[in-house]
Amino acid sequence: MSGITKLRAGVVGTGFIGAVHVEALRRLGVEVVGVVGSSPERARAKTLAPVLESYNALLADDHVDVVHLTTPNHLHYSQVKQALDAGKHVVCEKPLAITSEQSAELVELAAASGLVHCTNFNIRFYPQVQQARALVADGALGEVWNVHGGYLQDWLLLPTDWNWRLEPEKGGTLRAVADIGSHWLDLVQFVVGRRVESLLADLGTAIHVRKRPAREIETFAAADDVERVDAPVATEDLAHILLRFEGGARGSLVVSQVSAGRKNSLRFEVDGSQGALAWDSERNEELWLGHRGRPNEHLLRDPALFARDARARTGLPGGHAEGFAETFKELYRTVYGAVAAGGPPPEPDYPTFAAGHWENVLGDAVARSNRERRWVEVIT
Ligand SMILES: NC(=O)c1ccc[n+]([C@@H]2O[C@H](COP(=O)([O-])OP(=O)(O)OC[C@H]3O[C@@H](n4cnc5c(N)ncnc54)[C@H](O)[C@@H]3O)[C@@H](O)[C@H]2O)c1
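Everything quoted here is computed from the prediction, not taken from an experiment.

Chemist: Give me the lowdown on the overall build of the protein, citing residues and values where you can.
Modeler: Scanning the protein from terminus to terminus reveals 12 helices and 16 strands. Here the C-alpha atoms of the protein give a radius of gyration of 21 Å, agreeing with the 21 Å that 2.2 N^0.38 yields for 380 residues. For the C-alpha atoms alone, the extent of the protein along its principal axes is close to 65 × 55 × 40 Å. Taking all 380 residues of the protein together, the buried fraction comes to 55%.

Chemist: Please give an account of the packing of aromatic side chains that cites residues and values.
Modeler: Following the criterion strictly, the structure yields four aromatic pairs and no others. Between Y126 and W279 the ring centres are 5.0 Å apart and the planes differ by 55 degrees, which places this aromatic pair in the tilted class. Of this pair, Y126 sits in the loop between β5 (117-119) and α7 (127-137) while W279 sits in strand β13 (residues 276-280), and the two are 153 residues apart along the sequence. On the basis of relative accessible area, W279 is assigned to the buried category, the value being 2%. Centroid distance F328 to Y332: 6.3 Å. Interplanar angle 70 degrees. Geometry classified as edge-to-face. Note that F328 and Y332 are positioned in helix α11 (residues 324-340) at a spacing of four residues, about one turn of the helix. Assessed through its relative accessible area of 0%, Y332 is described here as buried. Each residue in the set Y126, F268 and W279 is aromatic and connected to the rest through ring pairs, giving one cluster. Geometry around W358 places R195 over its ring, the cationic atom sitting 3.8 Å from the centre. Residue placement shows R244 over the ring face of W375; its charged tip is 4.6 Å from the ring centre.

Chemist: Outline the site of the ligand, supporting the account with residue identities and numerical values.
Modeler: The full set close to the ligand counts 29 residues, and N73, K94, N122, W164 and R165 are the nearest of them. Interatomic distance of 3.3 Å between a backbone N/O atom of T14 and an oxygen atom of the ligand. Between the ligand and K94, the relevant distance is 2.7 Å, taken from an oxygen atom to a main-chain nitrogen or oxygen of the residue. The fraction of the free accessible surface of the ligand (850 Å²) that becomes covered by protein chains is 90%. Of all elements in the fold, only α2 (16-27), α5 (76-85), α9 (176-192) and α11 reach the threshold of two or more residues within the shell around the ligand. Classifying every residue of the shell around the ligand by side-chain character gives 10 nonpolar, 14 polar and five charged.

Chemist: Provide a residue-level description of the pattern of salt bridges, including the pertinent values.
Modeler: Taken as a whole and assessed by the stated rule, the structure comprises 22 salt bridges. Residues participating in the shared-partner salt-bridge network are R313, K329, E330, R333 and D349.

Chemist: Lay out the sheet that holds strand β11 (residues 250-256) with the relevant residues and their values.
Modeler: Strands sit in the order β15-β14-β13-β12-β6-β11-β10-β7-β16 across an open sheet of nine strands; the sheet is mixed. Of all the strands in the sheet, the pair left with one neighbour each is β15 (297-300) and β16 (376-377). Across three bridges, β13 lies against strand β14 (residues 286-290) in antiparallel orientation. Bridged to A276 within β14 is G290. Against the sheet, helix α12 (residues 353-372) touches β7 (196-204), β10 (238-245) and β16, its axis set at about 55 degrees to β7.

Calculation rules
- Residues numbered from 1 in each chain as written.
- Predicted model: local features only at pLDDT ≥ 70, side-chain atom pairs only at ≥ 80, totals over all residues.
- Heavy atoms only, no water.
- Helix = DSSP H or I, 4+ residues; strand = E, 2+ residues; numbered from the N terminus.
- Rg over C-alpha atoms; globule rule 2.2 N^0.38 Å.
- Buried < 20%, exposed > 50% of the residue type's maximum accessible area, 1.4 Å probe, protein only.
- Phe/Tyr/Trp six-rings, centres within 6.5 Å; stacked < 30°, edge-to-face > 60°.
- Lys NZ or Arg CZ within 6 Å of the ring centre and 35° of its normal.
- Near = heavy atom within 4 Å.
- Polar contact = N/O pair within 3.5 Å; in protein donor to acceptor, adjacent residues only side chain to side chain.
- Areas by Shrake-Rupley, 256 points an atom, 1.4 Å probe, with all protein chains shown as cover.
- Nonpolar A, V, L, I, M, F, W, Y, C, P; charged D, E, K, R; others polar.
- Salt bridge = Lys/Arg side-chain N within 4 Å of Asp/Glu carboxyl O.
- Pairing = 2+ DSSP bridges.
- Contact = heavy atoms within 4.5 Å.
- Axes fitted to C-alpha atoms, helices over the stretch in contact; angles between N-to-C directions.

What follows is the structure, given as structure tokens:
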């Protein structure tokens, strides 16, 4: 821990998730030197941390060791390049870039730099997800046959719901799949230790014309009394995807940002020859363990009952709830450990830019499959 507490961070973007980054860093004892927003005035209004006047000012500040990018998706590519150029270690929110050409370039630049690089797939750091991965790796489920679930939200259910994610030039040409499907896909490949090899995708847009506020609003912000204009929607609200994994396991997921009542519901289930397990992000302290010849189990998060890797990712005793915010803290604990050690370890236990790029490659396959209405191989 002492190495980590000597390190200092700068956070770019002061919206929904920028605030979560700042708080997680502080809990680890990392000083947040400053934040940069779309304007100094807007950033100051958030009262998160000292406000730096510009991104260039942050990059020029020798006190900043690590740059966190929590800006809208289209800005990640150029901001990562600038940070690496300035010799800063980088934590970048997902998606790493809005095209796989851009993310491939960032992987190469980061590798050549010798700097620590991370794509913010924080959901891997729920203790029960780490426990699920340990159980699969230990063979507790036997041969993995079937991986299924989905990621459902309802915050874009109404035609008046609007966010920059709906604008392809800011969010990318895939929306629900890139925004939340990427988390699900990253997560299940992490849990079962196998990559997706081929897929069949069917994308759908439920609301073809939305009522866009005439001025900009932030993620999850209410915007009841604003002037609105009609805005045609070019990206998907929902998707169904069939998967084949390395080694032959089959899978499927449904992704939706228009499912009433589902606030942030990421669920997966893994069925194997010796047993099954299931996890739900909205009940993240529980892991369901399915058996054929004896009663099923509900494992409540408890460091004393966990495999070593899962135990290392949880702080509080069982029954004292942890959650979303802790996943950021645990991700940064390992990322900053690498920074304190002087560079990336040979086998990072955190998601690097390679993981971010892989999700863009899968996104390309999803778009191609949907467009051509057929199964496609994932082409690297
Ligand atoms: N890992 C997760 O669980 C998770 C959750 C939410 C969002 N995200 C990702 O984080 C990013 C931000 O999403 P959000 O929901 O916080 O969005 P948001 O709209 O709430 O916040 C974006 C922030 O970036 C600022 N900004 C815009 N242009 C800027 C610029 N040029 N320089 C500096 N700041 C600028 C905006 O003012 C705003 O404060 C996205 O890439 C999203 O995919 C990840």
